[in-house]
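# Report on the structure
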Amino acid sequence: MAPTLTDVAKRANVALSTASRAFSDPQRLGPETLRKVLEAAQELGYEPPPPRPAEAPDAATIAVVVPDIANPVFGTFVKAAQAQGWHRRQTIVLADTDFDPDREREMIAQLSARSAGLVVCSPRLDAEDVLALCGDTPVVLVNRETTTADCVLADASDGLRQAAEYLAALGHRHIAYVQGSQHSWSNSHRVDVARAQAERAGLRLEVLGWQSETVAGGTAAAAGVIASGASAVIAHNDLVALGVIAGARQLGVSVPDDLSVVGIDDMPLAATAHPSLTSIAVPMARAGSLSLELLAQSAADERHQPRTLRLPTQLVVRGSTGQVADRAPSVTREHS
């Protein structure tokens, strides 16, 4: 992986903002500090983003960066953001990073030079890396938390509490959790909340390994879920949950008779799947609208104080969950 500005800052033993100024505004640094940063960059082979063009960015252009436009959840987010931009007579430019941190870094650097503001949804980069790349361009982060920029966060606490209580009421005592990406704030947030809520509901929670946030990732995780002996599983998102159902079916395990499955997102496909998917609804359309509103307020007020808006989640019960079976499903470890 290519070295980042954060790596340079650590090597030079300076703040990330100081390392950023070495490339964007070197006159503001003392000679010794500038020398340390530039030497660290050379030692690491760091390539700074291209300089901003001399012309001012288009005041009516807002860039929206998402990790995967093919995921219906991000499509919902973009549609709502674009509708809000339309009302504000703004042009929305969309960038899909394909979950690639290096591509995300390059896109943010380029778009921040050409746009009046950025909305970065579920970034793979650390929040401070994103802010350093944006420089003075206003930015709103969605599902990545920091105290130094406006953030819109889907708070899984309510939904996961409801899911844990519901599974406990159905008689489940041992549940599994299939993770998403290790670079995802949503993943780490949901795992932390799931652990707390499972303990509160008297459930044993087994957290399984990271997976791609796709149907294929869920299918790959299915054998591990069944081998764990859990009678129910919560998946990082609906796509992973649908993959777990498909993988379980291939292994002769019936949902929900042998295994209950809960997704997160409540995308439209959840209601039409077979069986229909119990899911935790995440208000991504609201997040899309709010992110544009926050960005407009930030751009209009130079003394604006960063805010964090947390949006609640809600369990939606459907056909993929049921009473615990007399005996949890199992497969041999060789199958996992």
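Owing to the predicted nature of the structure, the values given are computational and were not obtained by experimental measurement.

### Here's the deal with the overall build of the chain
- The helix and strand inventory of the chain stands at 12 helices and 12 strands.
- Relative to the compact-globule value of 20 Å for 336 residues, the chain shows a C-alpha radius of gyration of 22 Å, a close match.
- If you line up the chain on its principal axes, its C-alpha atoms span 70 × 45 × 30 Å.
- Counting every position in the chain, which comprises 336 residues, the buried fraction comes to 52%.
- Taking contacts inside the chain between residues at least 6 apart in sequence as the whole, the part at least 24 apart equals 71%.
- Looking at the chain as shown, the accessible area adds up to about 15300 Å², and 50% of this sits on carbon and sulfur atoms.
- Side chains of the chain give 29 positive and 38 negative charges; the mean places of these two sets differ by 3 Å.

### Some points on the side chain of serine 181
- Considering the arrangement of structural elements, one finds serine 181 in the loop between strand 6 (174-178) and helix 8 (185-200).
- We classify serine 181 as buried; its relative accessible area is 16%.
- With sequence-adjacent residues up to four places away left out, serine 181 is seen in contact with Arg124, Asn187, Trp210, Gln211 and Glu213.

### With respect to the packing of aromatic side chains
- By the definition in use, this model includes 1 aromatic pair.
- Between phenylalanine 23 and tyrosine 46, the aromatic rings sit 5.4 Å apart at their centres with planes inclined by 55°, giving tilted as the arrangement. A residue pair is termed long-range when its members are at least 10 positions apart, and phenylalanine 23 in helix 2 (residues 16-24) and tyrosine 46 in the loop between helix 3 (31-44) and strand 1 (58-66) qualify at 23 residues.
- Residue classification places phenylalanine 23 among the partly exposed residues on the basis of a relative accessible area of 30%.

### Observations regarding the confidence of the model for the chain
- Here the chain averages 90 in pLDDT, and 93% of its residues register 70 or above.
- Under a pLDDT of 50 for its full length, residues 330-336 has, in the predicted model, 10 contacts with residues more than four places off or in other chains.

### Focus on the pairing of strand 9 (residues 260-265)
- Counting buried residues along strand 9, 6 of its 6 residues qualify, which places the element largely inside the surrounding structure.
- A two-sided burial pattern is seen for strand 9, the buried positions comprising Ser260, Val262 and Ile264 on one face and Val261, Gly263 and Asp265 on the other.
- In this structure, strand 8 (residues 232-235) lies alongside strand 9, joined through 3 bridges in parallel fashion. By the bridge assignment for strand 9, isoleucine 234 is matched with valine 262.

### A look at the pattern of salt bridges
- All chains considered together, the criterion is met by 11 salt bridges.
- The residue glutamate 39 makes a salt bridge to arginine 35 at a minimum N-O spacing of 2.8 Å. Remark: arginine 35 and glutamate 39 occur in helix 3; sequence separation between them is 4 residues, near one turn of the helix.
- Residue classification places glutamate 39 among the partly exposed positions, given a relative accessible area of 35%.

How each quantity is defined
- Residues numbered from 1 in each chain as written.
- Predicted model: local features only at pLDDT ≥ 70, side-chain atom pairs only at ≥ 80, totals over all residues.
- Heavy atoms only, no water.
- Helix = DSSP H or I, 4+ residues; strand = E, 2+ residues; numbered from the N terminus.
- Rg over C-alpha atoms; globule rule 2.2 N^0.38 Å.
- Buried < 20%, exposed > 50% of the residue type's maximum accessible area, 1.4 Å probe, protein only.
- Contact = heavy atoms within 4.5 Å.
- Areas by Shrake-Rupley, 256 points an atom, 1.4 Å probe, with all protein chains shown as cover.
- Lys, Arg positive; Asp, Glu negative; His and termini not counted.
- Charge placed at Lys NZ, Arg CZ, Asp CG, Glu CD.
- Phe/Tyr/Trp six-rings, centres within 6.5 Å; stacked < 30°, edge-to-face > 60°.
- pLDDT = per-residue confidence, 0-100.
- Pairing = 2+ DSSP bridges.
- Salt bridge = Lys/Arg side-chain N within 4 Å of Asp/Glu carboxyl O.

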